[in-house]
Amino acid sequence: MITRREMLQVSAATAALVAGSGGLSRAFAQQTLTQDDLTRFDALGNVTLLHVTDIHGQLMPVHFREPSVNLGVGEAKGLPPHVTGADFLKRFGIPAKSAAAYAMTDQDFTALAASYGKIGGLDRLATVVRQVRAERDGKVLLLDGGDTWQGSLGANSSRGQDMVDCMALLKPDAMTGHWEFTYGEARMQELIKSLDFPFLALNIRDTEWNEPVFDAVRMVEKGGVKIAVLGQAFPYTPVANPRWMMPKWSFGIREDEVRAQVDKARKGGAQLVVLLSHNGFDVDRKLAARVDGIDVILTGHTHDALPEAVTVGKTLLIASGSHGKFVSRLDLDVQGGAVKGYRYKLIPLFADVIKPDPAMAAAIAKARAPYAKELSRVVGHTESLLYRRGNFNGTFDDLICAALLKERDAEIALSPGFRWGTSVLPGAPITVEDIHNATAITYPQVYRIAMTGERLKEVLEDVADNLFNPDPYYQQGGDMVRCGGLGYSIDVSKPIGQRISGMTHLKSGKAIEPQREYAVAGWASVNEGTQGPNIWDVVERHIAAEKTVRVTPNSSVKISGI
Amino acid sequence: MRHLSRRAALALGAGSAAIALVGWSKSASATPQAAAADIAKFTGGAKPETGKISIELPEIAENGNTVPLSISVDAPMTSADYVSDVLVVAEGNPNPGVATFHFTPLSGKAEASTRIRLATTQNIVVVAKTSGGKYFTASKLVKVTIGGCGG
């Protein structure tokens, strides 16, 4: 095995450059950080895994602020990925204000964004993939962890086609998924049929006969090593998303099936077993401890970006971030059916530094052309940083909730705790693209209903348990539902039914009454036949009316039990 | 009737077991005590040992109205030693009794599959009786959730 210093190549590469209090000038940052720095890697062994996941429809480079609050409970308490901000920098030895600090944390985000610019873009990714393939000829597997085809105006309008077309140029070896399923069973099958690589999901059965729907595994040889890639789709897709969109498919963690597939792969001669997973990090950490024989789990779903591999027994867990910001490179020395050594680097795709691949850049331009005018249309401006990621609230969600309250004349607003959605810098225009990056789903109707205080508490308790159940197998991996007009206290250490207290109607300052009905507006209902305007139109109307938005810090959720 | 015959067909397909389904009409309140009483009646008061049984149930139900359940009991299934009866109870249902499966050595395997209805988050308890008069048990927690907001 290798030293900690070697593992931290990314911080070494990007730490040399540390911005001052006011940030570096953009030009200086661009000159100092080089593509060679970002991609430099002391190759090891006979196999290289490249992993991307949770791109969420982002063809272009993005601003994406990582979370400031990402609490772990139970055995995961205090462990990565449940380490954020200054603690994250300390834990991984990353200097404050460095490029790595900007890529992986929320610290000094606005100032550092001005220095280091956007990160990601499939054209930058294509450059790195091509470079690694050239360097490691015949040894490379590129694996896509899913949540690739959803999350932007273009992806939603083309029902995933723009992402499928551009990703095809990267020639991945396999993928799995989650939000992909919200295009419905027929569209999924149609898109999958067009792929030159398998869509793997060992944990999906048809509801009628309990038979497998997708391939479980891809056996492939690289660098003289027989590799089994198993795919695990998001286990709770029909719970977290509308089940009526995938009525004939049943998901679940299916730990026994994972175990059986690993055994089968080993018996079939696999010398390296890789699980391409959309379980979420804590679920995979538990799975790794309970299922023998998995060498590598490429995690996804919970959008964690970690600069080191996490080991559980003999299993390596890799967390490659989200929104196309990073590509993970994991070199493995596989001898006699076992991993003898590894070297890992989370490569941030700084858009100003990595040269775009011309063929991919052209494909992206073509995919965006039908929507180009609409995407760039300015709706208003923001004085505040707009972001979403974090366990309890984000300023973009506060803005969405404000829109729901005003445009739908509601007392309380509920907005889903999705982990995807890009950030908008203070002083920047808010474009139609920005709004869709936070709202682009296939069930966008804004409902307005009467809910009793008791029902509201049930909803909050239910979602909180999906996030803070101490057993990761009972978690769903989203963040807490965002509330507008409603404050509450939460003790994350308590069981379901006892976490939420002090619910307050913020406008009146009065306690929420269990039996009283409140006018509630929200979006992303999983119920079929939900009526109402599209969320992006509601948000657009609000921003257009406000012209310039300012979101004050949200202190309406009081957190304890940490 | 289609639903009932399909369930029976599934159970048969999974191990040639006969199945007795318990009705839903009884309006008892849901308590683990009621479930414990059903189990005590099944075992004649004997305390079951843990093990031998594997239960396939989702951790979180996709639809509480029809939750797929598979049970298999590790047993030789010879005339000298076989599993004769398997009881399934749902601790949180208004009527905790879900089903009793009956097997013979000719069943070959002590395996059965069906779909069950779960009113709320609860433990599903399975108890198996062997021809030698021994009892084994296993349980699994299934969460029934409102849904939404994930991702």
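That block above? That's the structure.
Residues numbered from 1 in each chain as written. Chains lettered and ligands numbered in written order. Predicted model: local features only at pLDDT ≥ 70, side-chain atom pairs only at ≥ 80, totals over all residues. Heavy atoms only, no water.

Asks: What's the story with the overall build of chain B in this structure? I'm lost.
Replies: Within chain B, the secondary structure is distributed over two helices and nine strands. The helix and strand sequence of chain B, counted from the amino end, reads α-β-α-β-β-β-β-β-β-β-β. Looking at chain B as a whole, 48% of its 151 residues qualify as buried. Sequence-distant contacts in chain B: of pairs separated by 6 or more residues, those separated by 24 or more amount to 67%. (Helix = DSSP H or I, 4+ residues; strand = E, 2+ residues; numbered from the N terminus. Buried < 20%, exposed > 50% of the residue type's maximum accessible area, 1.4 Å probe, protein only. Contact = heavy atoms within 4.5 Å.)

Asks: How should I be thinking about the packing of aromatic side chains in this particular structure?
Replies: Pairs of aromatic rings are described using the distance from one ring centre to the other and the angle between the two planes. Residues and elements named next belong to chain A. Under the definition given, this model contains 20 aromatic pairs over all chains. An angle of 85 degrees between the planes, with centres 5.9 Å apart, marks the rings of Phe181 and Trp249 as edge-to-face. Of this pair, Phe181 sits in the loop between β5 (174-175) and α11 (185-193) while Trp249 is found in strand β9 (residues 249-250), placing the two residues 68 residues apart along the sequence. The same class applies to Phe181 as to Trp249, namely buried. Ring plane angle 90 degrees and centroid distance 6.3 Å describe the contact between Phe234 and Tyr236, whose orientation is recorded as edge-to-face. Comparing Phe234 with Tyr236 shows no difference in burial state: the two are buried. Members of the aromatic cluster, joined through ring pairs, are Trp149, Phe181, Phe199, Phe214, Trp249 and Phe251. Above the plane of the ring of Phe41 lies Arg329, whose end atom (NZ or CZ) is 3.9 Å from the centre. Above the plane of the ring of Trp420 lies Arg388, whose end atom (NZ or CZ) is 5.4 Å from the centre. (Phe/Tyr/Trp six-rings, centres within 6.5 Å; stacked < 30°, edge-to-face > 60°. Lys NZ or Arg CZ within 6 Å of the ring centre and 35° of its normal.)

Asks: Explanation requested: empty space enclosed by the protein in the structure shown.
Replies: Taking a probe equal in size to a water molecule and rolling it over the atoms shows the remaining empty space. Residues and elements named next belong to chain A. Inspection of the entire model under this criterion finds seven cavities of 30 Å³ or more. Roughly 210 Å³ of volume is contained in the largest cavity. Together, 26 residues line the largest cavity, and Asp282, Thr302, Arg419, Gln475 and Gly477 are the ones closest to its centre. Among the elements of the structure, α14 (281-290) and α19 (453-468) are those that each provide at least two residues to the lining of the largest cavity. The biggest single contributor to the lining of the largest cavity is α14, with three residues. Classifying every residue of the lining of the largest cavity gives eleven nonpolar, twelve polar and three charged. What the second largest cavity holds in volume is close to 120 Å³. (1 Å grid on protein atoms, 1.4 Å probe; cavity = no way out; pocket = protein on both sides within 12 Å on 5 of 7 lines; lining within 4 Å. Points joined across faces, edges and corners; volume = space filled by probe spheres on them. Nonpolar A, V, L, I, M, F, W, Y, C, P; charged D, E, K, R; others polar.)

Asks: How should the sheet that holds strand β7 (residues 217-222) of chain A be read in this particular structure?
Replies: Backbone-to-backbone hydrogen bonds pair the strands of a sheet. The strands run either parallel or antiparallel. Residues and elements named next belong to chain A. Taken in spatial order, the six strands make up an open sheet running β7-β8-β10-β11-β13-β12, and their pairing is mixed. Bordering the open sheet on either side are β7 and β12 (310-312), each of which pairs with just one other strand. In this sheet, adjacent strand axes meet at a mean angle of 25 degrees when their direction is disregarded. (Pairing = 2+ DSSP bridges. Axes fitted to C-alpha atoms, helices over the stretch in contact; angles between N-to-C directions.)

Asks: Is there a simple way to think about the interface of chain A and chain B in this case?
Replies: Listed as interface residues are 41 residues of chain A and, on the opposing side, 17 residues of chain B. Here chain A packs against chain B, burying approximately 2300 Å² in sum over the two surfaces, 50% of which is carbon and sulfur. Its largest share of buried area at the contact with chain B, chain A owes to Val239(A), Asp462(A) and Tyr474(A), together 26% of the area lost on that side. Counting across the interface, chain A meets chain B through one salt bridge. Across the pair Lys143(B) and Asp465(A) runs a salt bridge, and its minimum N-O distance is 2.7 Å. Within the residue set of the side of chain A that touches chain B, elements represented by two or more residues are α12 (237-240), β9 and α19 of chain A. Tallied by class, residues from the side of chain A that touches chain B come to 19 nonpolar, 13 polar and nine charged. (Buried area = accessible area lost by both parts, 1.4 Å probe. Salt bridge = Lys/Arg side-chain N within 4 Å of Asp/Glu carboxyl O.)

Asks: Please explain unusual backbone geometry as it appears in this structure.
Replies: A negative phi angle characterises most non-glycine residues, just as the trans form characterises most peptide bonds. Residue and element names in this part refer to chain A. Each neighbour pair has its own omega, and for Pro80 with Pro81 the value is 10 degrees, a cis peptide bond. We note that Lys171 has phi near 50 degrees; this positive angle belongs to a residue other than glycine. Examined against the element boundaries, Lys171 turns out to sit in the loop between α10 (161-170) and β5. Here Lys171 falls in the exposed class, since its relative accessible area comes to 57%. Here His301, not a glycine, exhibits a phi torsion of approximately 80 degrees, which is positive. Inspection of the secondary structure assignment puts His301 in the loop between β11 (296-299) and β12. Judged by relative accessible area, which is 0%, His301 ranks as buried.

Asks: Would you explain the packing of α10(A) against helix α15 (residues 358-368) of chain A in this entry?
Replies: For any two helices packed against each other, the geometry is given by the interaxial angle and the distance between the axes. Residues and elements named next belong to chain A. Between α10 and α15, the least distance of the axes is 10 Å, while the angle of their chain directions is 175 degrees. Looking at the two axes, α10 sits roughly antiparallel to α15. Every residue of α15 that contacts α10 at Asp162, Cys166, Leu169 and Leu170 is listed here: Ala359, Met360, Ala363, Ile364 and Ala367. For the contact of α10 with α15, the per-class residue count stands at eight nonpolar, no polar and one charged. (Parallel < 35°, antiparallel > 145°, perpendicular 65-115°, else oblique.)

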